[in-house]
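Now for the letters of each chain:
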Amino acid sequence: PNVLMMVLTMIPAIMTALSVVREREIGSIANLYASPASVPQYLIGKQLPYLAMGVFNFVSLSLMIVFWFGVPLKGSLTALFIGTLLHVAAATAFGLLVSAFTKSQTAAFFISAIGSVTIASNFSGLMYPVSTMSGGAYVIGVSFPASWYQRVSIGGFTKGLDMWDFGKEYAMLAMFAIVFLTLACLSLQKQEK
């Protein structure tokens, strides 16, 4: 379950961060400026393929966890799937936010990779439970989607929890997705200044 959380945090964030910046570097972002599509439509269009990729990664990793490593799924698959979809939406929205204010693919890659991996590995409950953290570490832990998805992943696989048990986690993951996407829309202008 921990591998699931790390892969579904890092890869979608990096891939979406590179998607907009790549267009800015090669000049094809001019299509956005000339098209009738709004910035939210453009960014959601960029996000959808990576959501699909995240779902594919979830299915393949879950099958590997259950059948290859023999970790039983004690909870609801539907609950885990909903949490995963919300988490991947938040991770891709974070990548879009990074890509909205960076000017190069290198910067977008490093900011999204370091941001997502460092926070996910150190402050999400992967190494230490979030409940044992205090001060700034606790604030960082609960201020990023990985800690909320960690609860869904562990709860679904090992604790036998159902989707009714994850209301708070679902709400927080959805809130992160909406906030990151909104900030990305506000950061990416229809015309370059």
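One structure accompanies this document, and this report is about it. Counting of residues starts from 1 at the beginning of each chain's written sequence and follows it residue by residue. In view of the model being predicted, local features appear only for residues whose pLDDT reaches at least 70, and side-chain atom pairs are presented and counted only at 80 or more, with totals across whole chains, interfaces and linings using the full set of residues. To get the side-chain values, take all heavy atoms of the structure and skip hydrogens and water.

### Comments concerning the overall build of the chain
Okay, step 1: Helix and strand definitions here come from DSSP, where helices need a minimum of 4 consecutive H or I residues and strands a minimum of 2 consecutive E residues; each element is numbered from the N-terminal end. Assigned secondary structure in the chain consists of 8 helices and 0 strands.
Okay, step 2: Starting at the N terminus, the α and β elements of the chain follow one another as α-α-α-α-α-α-α-α.
Okay, step 3: Note on method: radius of gyration uses C-alpha positions; expected globular size equals 2.2 Å times residues raised to 0.38. The C-alpha radius of gyration computed for the chain amounts to 17 Å, which stays within 12% of the reference 16 Å derived for 193 residues, consistent with globular compactness.
Okay, step 4: The C-alpha extent of the chain, read off along each of the three principal axes, is 50 × 35 × 30 Å.
Okay, step 5: Looking at the chain residue by residue over its 193 residues, the buried ones come to 47%.
Okay, step 6: Once local pairs closer than 6 in sequence are excluded, the contacts in the chain between residues at least 24 apart make up 80%.
Okay, step 7: Here the chain displays about 9,200 Å² of accessible surface, and carbon together with sulfur accounts for 72% of that area.
Okay, step 8: Computed over 10 positive and 6 negative side-chain charges, the inter-centroid distance for the chain is 4 Å. Each residue's exposure class comes from its accessible area (1.4 Å probe, protein chains only) as a fraction of the maximum for that residue type: buried when under 20%, exposed when over 50%, partly exposed otherwise. Whether two residues are in contact is decided by their heavy atoms, any of which lying within 4.5 Å being enough. Throughout, the Shrake-Rupley method with a 1.4 Å probe supplies accessible areas, and for residues the shown protein chains are the sole cover considered. Charge counting follows a simple rule: Lys and Arg are positive, Asp and Glu are negative, and His as well as the terminal groups are ignored. Every charge is mapped onto a representative atom, which is NZ of Lys, CZ of Arg, CG of Asp or CD of Glu.

### Let's talk about the nonpolar core
Okay, step 1: Only buried Ala, Val, Leu, Ile, Met, Phe, Trp, Tyr and Cys residues count toward a nonpolar core, and they belong to the same one when joined by side-chain atoms within 4.5 Å. If you look at the biggest cluster of nonpolar residues, it comprises 50 residues, and the most contacted ones within it are Leu 4, Leu 43, Tyr 149 and Leu 188.
Okay, step 2: Mapped by element, the contributors of at least two residues to this core are α1 (2-26), α3 (39-68), α4 (77-101), α5 (105-123), α7 (145-157) and α8 (167-187).
Okay, step 3: Excluding its chain neighbours within four sequence positions, the residues that come into contact with Leu 4 are Phe 58, Leu 61, Ser 62, Ile 65, Tyr 149, Ser 153 and Phe 157.

### Things to note about α5
Okay, step 1: In this model α5 runs 26 Å from its N-terminal to its C-terminal C-alpha over 19 residues, within 8% of the 27 Å that 1.5 Å per residue would give.
Okay, step 2: Taken together, the buried positions of α5 are Ala 108, Ser 112, Ala 113, Gly 115, Ser 116, Ala 120 and Ser 121.
Okay, step 3: One or two positions beyond α5, positive phi appears at Gly 125, with a value near 105°. To estimate the expected span of a helix, subtract one from its residue number and multiply by 1.5 Å.

### Comments concerning a nonpolar patch on the surface
Okay, step 1: Judged by side-chain polarity, Met 175, Val 179, Leu 183 and Leu 186 come together as a nonpolar surface patch covering roughly 340 Å² of accessible area.
Okay, step 2: Considering the arrangement of structural elements, one finds Met 175 in helix α8. Like charges are joined within 9 Å and nonpolar side chains (Val, Leu, Ile, Met, Phe, Trp, Tyr) within 5 Å, but only among residues with over 30% relative accessible area and no salt bridge; these make up the patches. Salt-bridge detection follows one rule: a side-chain nitrogen of Lys or Arg within 4 Å of a carboxyl oxygen of Asp or Glu.

### Structural notes on the side chain of Glu 169
Okay, step 1: Looking at the secondary structure, you find Glu 169 in helix α8.
Okay, step 2: Once residues lying within four places of it in the same chain are set aside, the contact partners of Glu 169 are Trp 148, Arg 151 and Val 152.

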